[in-house]
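Architecture at a glance
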Amino acid sequence: MEYTPDDHSGEHIPSPWAKWLVIGGLVAAIVGLEIYTYRLGVSHGFAEGSNKPSSNAIAASDNKAVDHLKHFMQCAASDTESLSRLVRNRKQELAWIKDPEVLTEVEWTLGLSLLQREQVAAGRELFQELFDRTGARPTALWTHRMESVARAESALGDPEQALSWWKKAQENYASLGMAREEIRCLEKQVELLSGQNNPQALEAALKTLSDRAVAMGESGRLLQANTLVQLGRLLRTQGNKTDSNQYFEKALGLWKGEQGLQLGSAQICFGEALMDAGREDEAEKLLIKGVDSLNSTPADAGYMMSGLRTLAQLAVKKGDYNAALAYLYRADGAAHGRLPDNDPYWTCLYDQRGWVHLLQNEPELAARDFFKAIKLQTEPTALAQAYEGMGRSCILLGKGEQAHKALTQAYSLRKQHLPTDIAGLARVARSLGQACDINGNTEESTQTYGEALGYFDQLGDDAPQEDMALTLMSLAYACQERKQWQQAKTYWERLIAMIPETDERRQDMQSRLQDCNRALGASGTETSTGKQATRPNNTRGSRRR
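Position numbers for residues count from 1 along each chain, tracking the sequence in the order it is written. With pLDDT at 70 or above as the cut-off, local features in this predicted model cover only qualifying residues; side-chain atom pairs require 80 or more to be listed or tallied, and sums for whole chains, interfaces and linings still use all residues. With hydrogens and water stripped out, all remaining heavy atoms of the structure feed into the side-chain values.

**Describing the overall build of the protein**
Put simply, DSSP H or I for four residues or longer makes a helix, DSSP E for two residues or longer makes a strand, and each gets a number counted from the N terminus. In terms of helices and strands, the protein carries 26 helices and zero strands. Across the 545 residues of the protein, 41% fall into the buried class. Contact between two residues is taken to exist if any of their heavy atoms lie within 4.5 Å; hydrogens are not considered. Sequence separation of at least 24 residues holds for 55% of the intrachain contacts in the protein that already meet a minimum separation of 6. Each accessible area value is a Shrake-Rupley result obtained with a 1.4 Å probe; residue values ignore everything except the protein chains displayed when judging cover. Carbon together with sulfur atoms contributes 52% to the accessible area of the protein, which is approximately 30,200 Å² in total. Throughout this description, buried means an accessible area under 20% of the type-specific maximum (1.4 Å probe, protein chains only), exposed means over 50%, and partly exposed covers the range between.

Pasting the structure below:
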């Protein structure tokens, strides 16, 4: 049947090409979507990949870090000079470490290596930088590390550097509320200041320590008492006996009313307080009880050593030098194996024992102990005392050159570091004059004896009369040798006026004075060719006493 345009049956038959057109459009759309998705994935993958190194890049980076670490470890473990160079050039050598915390720890490790090699001076700049960097907010870790530096400075004999670190550590612990650690740092400051000529700083540290002990309550009673004893001793050396005794009484009062006290460390502490308060018989009994009741523990060892040295002092005051030496050798045994060789305790013990040997008229043994003390000592005032003991030992041994050298050191140190200790200056100057006598240097002996007499005159009524008399006698002999008759006459007259009528030396002194008068009367001048003074056979011995 043929359709015509006038056919209105409602059916529409599409052209054959239209179907293929629709199918082609769908295919093109699907292909386009696939291409877009592919390119989008490639773009995203490239962006992600550019932020992540390839496995090869990671391996290369790791190898570089390992090389840096190997170099660092080799330097840290190599000789001291290489380590010091690494520390000096640390900013360049450690520039590969980007993490600040890691860098800080690595630098501390380098500094710790220096401490272990006793090269603290080479790391001072590094330590200061590290503690400044971490000091804005103090932490227990870094404050503990600060203590390590302080101990190293103490061991190397630089008390000023050590004090500064102990004080800073104490302040940090205070801000952290760590009371026991703060007290430990205060005790170290007191220990260092006790060996220096700085009584104001020592008193301030002791008062702070006492306040912290009070804050601890019952557990701080012994510490408070011990601190009060030390304050009492300090004021006693300054001549302030009133306040000194108040501290001693307060320390003893902390234990008033208690019965059956068996704590050996407390007995040692208060025995020392009794001694310093002048109650020596009570002190000796309490110290003996304390020493006998102490245990052989590290905590009691310090009290044992201190108690034995104090008992030795009491024995010396009683004139029992054998007992004093027994206590001191026992103290040596108590410290052996417990204290390092460079501990300040050894220098004090050797010095104390040396003086007791001198009192026993054992100059050779005394010289050995003083030599050990000098070898270990670095603090100037203590060193002056050890040199003085060495010089006096050498005088008794007849070793004039060694005596002169040691006493010159002692005199110089005292004038520099103890200028207000007039009695000590007088004593050392007189000993130095004796050394000059042994060496036959009359000119120098006259000068130093004259300086000694000047110091004795400054002391006035407090001057030891026998020492002053021997100094006048030595000066008079020296001036007669040099034919300085007027000066010799003046000294003999002063000497005769101060000694008692019963003194067996008086007759010889009057004879010497007559020699001076004859010489002055014969010529009117000190250049007279009159009778030259001659010494009796024991003159040198008397001048050296």
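**Comments concerning the environment of valine 87**
In this structure, valine 87 sits in helix α3 (residues 80-88). A relative accessible area of 2% places valine 87 in the buried class. A sequence separation of 24 residues divides valine 87 from glycine 111, and the C-alpha atoms of the two residues are 7.8 Å apart. Not counting residues within four places of it along the chain, the set of residues in contact with valine 87 comprises Leu110, Leu114, Ala122 and Leu126.

**Section: the packing of helix α19 (residues 380-396) against helix α21 (residues 422-438)**
Working convention: axes come from line fits to C-alpha atoms, limited for helices to the stretch in contact. Angles between N-to-C directions cover 0 to 180 degrees. Packing of α19 against α21 brings their axes to within 10 Å, and their N-to-C directions diverge by 35°. Viewed along their axes, α19 and α21 form a crossing whose handedness is left-handed. Two secondary-structure elements touch here, α19 through Glu388, Arg392 and Ile395 and α21 through Arg427, Val428, Ser431, Gln434, Ala435 and Ile438. Taken together, the residues of the contact of α19 with α21 sort by class into four nonpolar, two polar and three charged. Crossing handedness is defined as follows: a turn of the near helix away from the far one that is anticlockwise and smaller than a right angle gives a left-handed crossing, while the clockwise case is right-handed. Classification used: nonpolar for Ala, Val, Leu, Ile, Met, Phe, Trp, Tyr, Cys and Pro, charged for Asp, Glu, Lys and Arg, polar for all others including Gly.

**As for the nonpolar core**
Take the buried Ala, Val, Leu, Ile, Met, Phe, Trp, Tyr and Cys residues and link them wherever side-chain atoms come within 4.5 Å; each set so joined is a nonpolar core. Membership of the largest hydrophobic core comes to 131 residues, with the highest contact counts inside it found for Trp108, Phe131, Val149, Trp492 and Leu495. For tryptophan 108, the residues in contact, after removing those within four places along its chain, are Leu115, Phe127, Leu130, Phe131, Trp142, Arg145 and Val149.

**Things to note about the pattern of salt bridges**
Any carboxyl oxygen of Asp or Glu that lies within 4 Å of a side-chain nitrogen of Lys or Arg is treated as forming a salt bridge with it. Per the stated rule, a full pass over the model turns up 24 salt bridges. Between glutamate 284 and lysine 318 there is a salt bridge, and its shortest N-O distance comes to 3.3 Å. Remark: lysine 318 occurs in the loop between α15 (298-317) and α16 (321-335) and glutamate 284 occurs in helix α14 (residues 280-293); sequence separation between them is 34 residues. Here glutamate 388 and arginine 392 are joined by a salt bridge, their closest N and O atoms 3.9 Å apart. One end of the pair, glutamate 388, and the other, arginine 392, are both in helix α19, four residues apart, so they sit about a helical turn from each other.

**Focus on the confidence of the model for the protein**
Every residue gets a pLDDT, meaning the predictor's confidence in that residue, from 0 to 100. Looking at the protein as a whole, its pLDDT mean stands at 79, while 78% of the residues score no less than 70. Of all helices and strands in the protein, the one with the weakest mean pLDDT is helix α26 (residues 539-543) (40), whereas helix α20 (residues 400-417) scores best (95). With pLDDT under 50 throughout, residues 1-9 is counted as low confidence; its partners more than four residues away or in other chains account for zero contacts. Predicted confidence is poor over residues 46-54, with pLDDT under 50, and the contacts of this stretch with residues over four places away or in other chains come to one contact.

**Quick notes on the side chain of glutamate 272**
With respect to the helices, strands and loops of the structure, glutamate 272 is situated in helix α13 (residues 264-276). Under this definition, polar contacts are N or O atom pairs within 3.5 Å; protein pairs additionally need one hydrogen-donor-capable and one acceptor-capable atom, and for neighbouring residues in sequence, both atoms have to be side-chain atoms. Of note is the side chain of glutamate 272, whose polar atom sits 3.1 Å from the side chain of threonine 310. With residues up to four places along the chain from it excluded, the contact list for glutamate 272 reads Arg233, Leu287, Ser306, Gly307 and Thr310.

**Quick look at α14**
Note that an α-helix has 3.6 residues per turn; residues three or four places apart therefore point the same way. Any helix carries an expected span of 1.5 Å times its number of residues minus one. Along its 14 residues, α14 runs 20 Å from first to last C-alpha, staying within 8% of the 20 Å computed at 1.5 Å per residue. Within α14, burial applies to Ala283, Glu284, Leu287, Gly290 and Val291. Projected onto a plane normal to the axis of α14, the buried residues spread over an arc of 130° and lie on a single side. Facing away from the buried side of α14 by over 90 degrees, the exposed positions are Asp281, Lys285, Lys289 and Asp292. Arc definition: it is the arc formed by the directions from the helix axis to the C-beta atoms.

**Remarks on the environment of lysine 250**
Mapped onto the fold, lysine 250 is located in helix α12 (residues 241-253). Taking the C-alpha atoms as reference, lysine 250 lies 9.8 Å from glutamine 224; in sequence the two are 26 residues apart. Those residues in contact with lysine 250, other than ones at most four positions away along the chain, are Gln224 and Leu228.

**Observations concerning the state of the cysteines**
Any two cysteine sulfur atoms within 2.5 Å of one another count as a disulfide. Under the definition given, this model contains zero disulfides. No disulfide involves cysteine 516; its sulfur sits 8.9 Å from the nearest other cysteine sulfur, which is in cysteine 479.

**Some words on the packing of aromatic side chains**
In this scheme Phe, Tyr and Trp rings, the latter by its six-membered ring, pair at centre separations within 6.5 Å, and the angle between planes marks the pair as stacked below 30 degrees, edge-to-face above 60, and tilted otherwise. On inspection of all chains with the given rule, the structure shows six aromatic pairs. Ring centres of tryptophan 346 and tyrosine 350 lie 5.8 Å apart, and the angle between their planes is 25°; this geometry places the pair in the stacked category. Here the residue tryptophan 346 and the residue tyrosine 350 both occupy positions in helix α17 (residues 344-359), the gap between them amounting to four residues, near one helical turn. Accessibility classification places tryptophan 346 together with tyrosine 350 in one group, the buried group. Pairwise contacts between aromatic rings join Phe131, Trp142 and Trp165 into one cluster.

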